[in-house]
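Residues per chain, in single letters:
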Amino acid sequence: RLFLLNLLFLSSPSLSTPPLFYSPLGPVFEEQPSSVVYPEGLSKGTVTLNCQARASPAATYRWHVNGTNVPVGDLRYTLVAGNLVISGPQYGSDGGSYQCLAMNRCGTVLSRVANLKFGYLHDFSGEGQSPQTVYEGAGAFLACQAPAHYPALSYRWFVNDFPSFVKPDGGRWFVSQVTGNLYLAKAEPNDTASYFCFTTIDMDISTKSTFSKANQLTVQPDANTRKSAPAIKVRFPAETYALAGHTTQLECFAYGNPIPKLRWRKVDGLLPSKAGASAEGPILTLPEMTFHDEGVYECEAYNSEGRDKHQGRINVQAQPEWLQVMSDSEVEISSELHWTCVAAGKPRPSIRWLRNGQPLSTQDRVEVNGGRLKVINLALEDSGMYQCVAENKHDTIYSNAELRVQVQAPDFRSNPVRRLVPAARGGQVMLECRPRAAPKPTLFWSRGTELLTNSSRVTVTPDGILWIHNISRADEGKYTCFAENYLGKANSTGHLSVRDATKITLAPSNADINQEENVTLQCHASHDPTMDLTFTWAHNGALLDLEDPAGPYHRVEGKETIGDLLIVSGQLSQAGTYSCTAQTVVDSASASAKLVVRGPPGPPGGLVVKNVAETSAELRWSRGYDNHSPIGKYVIMGCSPLSSGWRTMRTEPSNIEGNAESARVVGLLPWMDYEFQVIASNILGSGEPSMSSHTVRTQQAAPTVAPSGLGGGGGDRNELIITWTPMAREYQNGDGFGYILAFRKRNTPTWVVERVSNVESSRYVYSNQSLSPYCPFEVKIKAYNRKGEGPFSQIALVHSAEEEPTVAPSRINATALTAFEMQVSWDPVQHLSANGILRGYEIRYWRQHEREAAADRVRTAGLETTARVAGLRPSTRYHVTVLAYNSAGTGPASPKSTVTTRRPPPNRPPGNVFWKTDGSWVTVRWDHVKALGNESAVLGYKVLYKHEGQSALKVLDKGKTSVTLPLPKDNGYVVLEIRSWGEGGDGAAHETIVSRDSGERD
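Residues numbered from 1 in each chain as written. Predicted model: local features only at pLDDT ≥ 70, side-chain atom pairs only at ≥ 80, totals over all residues. Heavy atoms only, no water.

### A closer look at the UniProt feature "domain: Fibronectin type-III" (unreviewed entry) in the chain
Stage number 1. Within this structure's numbering, the places UniProt gives as "domain: Fibronectin type-III" (unreviewed entry) are residues 603-701, 706-803 and 808-904.
Stage number 2. Taken as a whole, residues 603-701 contains 0% helix and 45% strand, while its terminal C-alpha atoms sit 34 Å from one another.
Stage number 3. For residues 706-803, helix accounts for 0% and strand for 42%, while the C-alpha atoms at its two ends are 32 Å apart. (UniProt positions renumbered as here; feature names shortened; annotations may be inferred. Helix = DSSP H or I, 4+ residues; strand = E, 2+ residues; numbered from the N terminus.)

Written out as structure tokens, the structure is:
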């Protein structure tokens, strides 16, 4: 041994600083080509396919198209760095799949494939489509019949002239982005027009649009437009394949009158919230598809006449995605290489391997098994660039790595043995020996001139690690590792320094607290005085952060040998085992204690719902943690689509004891979805709720309440209209829901019974030519569903449609009040002749030279028999008639009465206004206003005034041309308006402000 050791010492090279050396690097892509759509026929443009790789030495590049070399250097193909530039791309010769090869002396890698395709959009056929005619209220569609194109088109339609594009108009219009067809849910006469299909393609460097010949649509008016239930005309496929991470759209549109509304749902789950507003539109849009979105989707079109539904399935597939890839590896010669690639995708991706751009298969030393590559007895020629390729029908992805097969004599320069290794007495220490070497070297350890071998205190592992156990002061000294392979030898030395051991002198004690209380756990230690001592604490093995001032854990400041822990406002989650560790750089010592935190119970587990009946359900659960305080009782919470949140449910028994593990929830609504939670409590409070149960639906039952809001009336002649408030979801109690109406003429024995099958219906119209106007009917209503019928409502009295009054008012008298107003009076119409409820009277008036059809109209709000009519012209002769009216319209007109309005008042205000103040009074005077020949005589004057700060005007009616008024105190002022008046009304006003400081004083 001593001889061998001397040989190792004599032949091993000394350690020195390693020289700088050049490290080659295989190509790594920084930029790869992307697919391009280039406009067909654009001969002067260029296409650039990018390719850049980081490499040392720098990479060189080649390109393949459809598997063959691209003739770079040709006039049309230029290589700029690694980028391929194609000048004047041509449809016949340049289209295809392009791939870049980057290479240096380390190896070759292939880029992803980029497709160069040519976009085009031909013109529409020169033949227009046949004109279409449709009746008002019906649905219609116009076919686009798009021309040949690539890539996919977007569609719009315009009306008569560009760019008057068709808009949805409340859901009446829809343009399918699948077929391009234009759909109309309900035609109206003003839809008659010429329509043009406008198509657009988007390419990478341009867009192109074209439009069709005119499509003529004529809508025939229909005086008796019929209502119709929805009929879905645009249906999405029964099977739709979507790609994960991409957006999927489903189209659905229906004809109907009234215009149908649309709503979407997922039949086998909840409709994804990301559908947003599209969940109530003709195109359901689902962005960022995931596998959770897979399932059956339903579109429902509905209006007051009925509904229609369509279903289809979305199957989600996915492009390949790496779950595990290989990484660059340096492996010693003659050893084995194991690389694994794992990719996810749907369909499941296939995996193949490349070395320096060439396919790898199982042969000689290479074994390829799907995503696993194994190479045995590695040789230098196995070095190079390797690629793992995963592909399915949606995409192909590449993972790259470089393999370097190493050959090297032992060398400690990059990883020598630690120069100084401290260790604690009585402990153990590990010295590592990890030189660079290929193939793997033989390793020896020595202390001084003694070769070390395994003993009770010394262990030398095959990979060169030296362990020394139960260390004493005698173990201090130099330790040397020797390494040797067939290429050479080397050694490296470190020094072992032995220190005093660290010991816990005061260990933490077990503690028991209530939630929110503080507690201190003690921990003291001794250590080697030449080294620093630090304390750490762990909770159930997880290291605690003691430096966060806002956190619950704090270090108690004190001597270096004290490491007490303060826990503030203890929580249930902080119960457990706390470990204190006192450590130096060479060793550590630990001690533990348990902390019990008492608090409210934890959540119950295993909640299941069983035996679901019409109004009750049985719940079972398992006890949760009592958190060291016995459970006193349980409370059951529930929620349904109709509740705004969780609420306490009624149960049997009403008080659930703490040892119970089941209860029955009562008072539920039939045919309603519910979720439940269970909450336990003890003397310290209520705990967290259990996980929610799965959603359950109670059994169906016959309705138990009658619809409310029963009434009606109005409508057209010979109609009885009955209205009610549609039953809310919580009262329907089952599917197959509808209403049963019963009605009869008052004081007759036989009921007429009608069924209304639409849950959202709120009115029923009964037509019968024999119906008398405003005939009283007794009406009642009840609900029904698949399980039976509910009770009838209270009887309501509803009248059939009214008819216009048949009697005209009499003794009409019209009197001119002023030049602009008249008063009309009449004798009332008897209610028995009104064919309904008389609402009031309509006054019609027109000038003598006008036709009665142009008459102005004023209606009374009630049954008054007089009315004032304003806004008339002065000195004008008017004809006046009065008609009675009800909800059906107006009755016959009364005989005409004639009235002439008075001459107009003077249009000049009083002039020469002046005033004099006398103490607290002021006298105002003005000149008399003289009427002209065509004006009414002045009978007096109106003085409107208010003091400063007042809002209301006071009126004085004076026959004289002066007035005396009180002046306000504190130098206030008076605002005046003076105007003449007479038979023709009030004249123009003179406005002035009077104060103590203005005007003429006595």
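### Observations regarding the pairing of strand β56 (residues 576-583)
Stage number 1. The buried count for β56 comes to six of eight residues, which makes it a mostly enclosed element.
Stage number 2. Relative to β56, strand β52 (residues 534-539) runs antiparallel, the two being bridged by six bridges. Across the sheet, T534 pairs through a bridge with Q583, a residue of β56.
Stage number 3. When β56 meets strand β57 (residues 588-598), the two strands line up antiparallel, connected through eight bridges. Looking across to β57, one finds that T581 is bridged to S590.
Stage number 4. Counted along the chain from β56 to the antiparallel partner β57, the turn is four residues long. (Buried < 20%, exposed > 50% of the residue type's maximum accessible area, 1.4 Å probe, protein only. Pairing = 2+ DSSP bridges.)

### Side note on the state of the cysteines
When the sulfur atoms of two cysteines share a covalent bond, that bond is a disulfide.
Stage number 1. In total, this model carries five disulfides according to the counting rule given.
Stage number 2. Paired through a disulfide, C144 and C197 show a sulfur-sulfur distance of 2.0 Å. In this structure the cystine formed by C144 and C197 twists about its S-S bond by roughly -75°; its chirality is therefore left-handed. Placement of the pair is C144 in the loop between β13 (140-142) and β14 (149-150) and C197 in strand β18 (residues 193-202), with a sequence separation of 53 residues.
Stage number 3. C144 gets classed as buried once you look at its relative accessible area, which sits at 2%.
Stage number 4. Residue pairing for C523: its cysteine sulfur links by disulfide to C580, the two sulfurs lying 1.9 Å apart. A torsion of -80° about the S-S bond marks the disulfide between C523 and C580 as left-handed. (Disulfide = S-S within 2.5 Å.)

### Topic: the UniProt feature "domain: Ig-like" (unreviewed entry) in the chain
Stage number 1. When the UniProt feature table is mapped to this numbering, "domain: Ig-like" (unreviewed entry) covers residues 27-117, 136-212, 230-315, 320-404, 410-497 and 502-596.
Stage number 2. Here residues 27-117 runs as 4% helix and 57% strand, with 28 Å between its end C-alpha atoms.
Stage number 3. Along residues 136-212 one finds 0% helix and 42% strand; the C-alpha atoms at either end are 25 Å apart.

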